[in-house]
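# Commentary on secondary and tertiary structure
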Amino acid sequence: MPEFPIVKRYMAIAPEVTPGTPVAPTNTEFDTRYEVVTPQNALEVDDENQKFANGNHGETTSIAGAQSGTVEAFCKMAWGGAVGTEPNWWDAMKACGAEVLTYTTTGLSLVPSKSEDNTTYTIYVYSEQLGSTDTKIEQYAGCMGNCVISCEGIGQPWLANFTFTGKYVDSVDGTGLTLTGAQTTVSEKLLSNTFTIGGNARRISSFSFDIGNEITPVIDQADATGYDFFTITARRPRFN
């Protein structure tokens, strides 16, 4: 069994005041129970196969450059429990460039908005050590994401699958968070859902809706990571 098992991994996201400037999440931001969290780091390295022309087999020095990363996570979709209450997982949707609109007594909705193209978030991925509370923290800043909403079959839960991209700031030892204010509402499922196309009701067995965000870095060589932050530069939504 690994020293940092996946079952003890979780993440928290916090909105940034200034795009690309990290904001350390607190227990308040750890309020959504994601099913799986998968971080992957990309560290650009120059050609490490070159060697010095020095008469022996010694290779040249390998130089590490820009550093970014992705964090994949998904959760079951549930409503907030009241007409005017946002579900906790909507924070992740806001990190995908969605804006929340209020319709008085009718409820809330998420809509894509160009004004949110650089509403960036800091993401911390926590991995607690086996048999201990010691925690490894992978830190990402200036993150924006894409989401695919889907359901795999009749009676199955609706899922929100997120892929966030940002600059990889650091990996540090620290203290984990305590799950706070997690929702207790049951997730939505594909039963008794009204689905229409052009005003006509349709019977479906599964679906997938990719909101289609294209995430692009804003380069900044003055930053230690090589990036300022990441932003949405195109939206190509597709429903299947």
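Below: a short report on this structure. All values reported here derive from a predicted model rather than from experimental measurement. Counting restarts for each chain, with residues numbered from 1 along the sequence as it is written. A pLDDT threshold of at least 70 governs which residues receive local features in this predicted model, and a stricter bar of 80 or more applies before side-chain atom pairs are shown or counted, although totals over entire chains, interfaces and linings include all residues. Remark: hydrogens and water are excluded; side-chain values derive from all non-hydrogen atoms of the structure.

This part covers the pattern of salt bridges. Salt bridges, as used here, are contacts in which a Lys or Arg side-chain nitrogen is within 4 Å of a carboxyl oxygen on Asp or Glu. For the structure shown, the criterion picks out seven salt bridges. One salt bridge connects Glu128 with Lys8, and the closest N-O pair in it is separated by 3.9 Å. Placement of the pair is Glu128 in strand β6 (residues 121–128) and Lys8 in the segment before β1 (9–15), with a sequence separation of 120 residues. Each residue is placed in one exposure class: buried if its accessible area under a 1.4 Å probe, protein chains only, is under 20% of its type's maximum, exposed if it is over 50%, and partly exposed if it falls in between. Classification of Glu128 as buried rests on a relative accessible area of 19%. The way it works is that DSSP assigns letters per residue, a run of H or I at least four long becomes a helix, a run of E at least two long becomes a strand, and they are numbered from the N terminus.

Here we come to the pairing of strand β5 (residues 107–112). Think of it this way: DSSP has to see at least two bridges between two strands before they count as a pair. Inspection of the sheet shows strand β4 (residues 98–103) paired to β5 by six bridges, in the antiparallel sense. Across the sheet, the residue bridging to Val100 is Leu110, located in β5. The loop that links β4 with its antiparallel partner β5 comprises three residues; one of these, Thr104, has a positive phi angle of about 40°.

This brings us to the packing of aromatic side chains. Two aromatic rings from Phe, Tyr or Trp, using only the six-membered ring of Trp, form a pair when their centres are within 6.5 Å; if the ring planes differ by under 30 degrees the pair is stacked, by over 60 it is edge-to-face, and anything between is tilted. Tallying each qualifying case throughout the model produces eleven aromatic pairs. Summarising the aromatic geometry, the rings of Phe207 and Phe239 are spaced 6.0 Å apart at their centres and angled 10° between planes, so their arrangement reads as stacked. Here Phe239 lies in strand β14 (residues 238–239) and Phe207 lies in strand β11 (residues 207–210), a separation of 32 residues in the sequence. Accessibility expressed as a relative area gives 9% for Phe207, which makes it buried. You can call Phe239 partly exposed: its relative accessible area is 44%.

Residues Met11, Tyr34, Trp89, Ile123, Cys147, Phe162 and Phe164 are the most contacted members of the largest nonpolar core, which totals 30 residues. Going through the elements one at a time, β1, β3 (64–76), α1 (90–94), β6, β7 (134–151) and β8 (159–175) are the ones with two or more residues in this core. Per-element tally for this core: the top contributor is β7, with five residues. The contact criterion used is simple: two residues touch if any of their non-hydrogen atoms lie within 4.5 Å. Once residues within four sequence positions are removed from consideration, Met11 is found in contact with Phe30, Tyr34, Val37, Val71, Ala73, Ile123, Tyr124, Val125, Tyr126 and Phe164. Grouping buried Ala, Val, Leu, Ile, Met, Phe, Trp, Tyr and Cys residues that are joined through side-chain atoms within 4.5 Å yields what is termed a nonpolar core.

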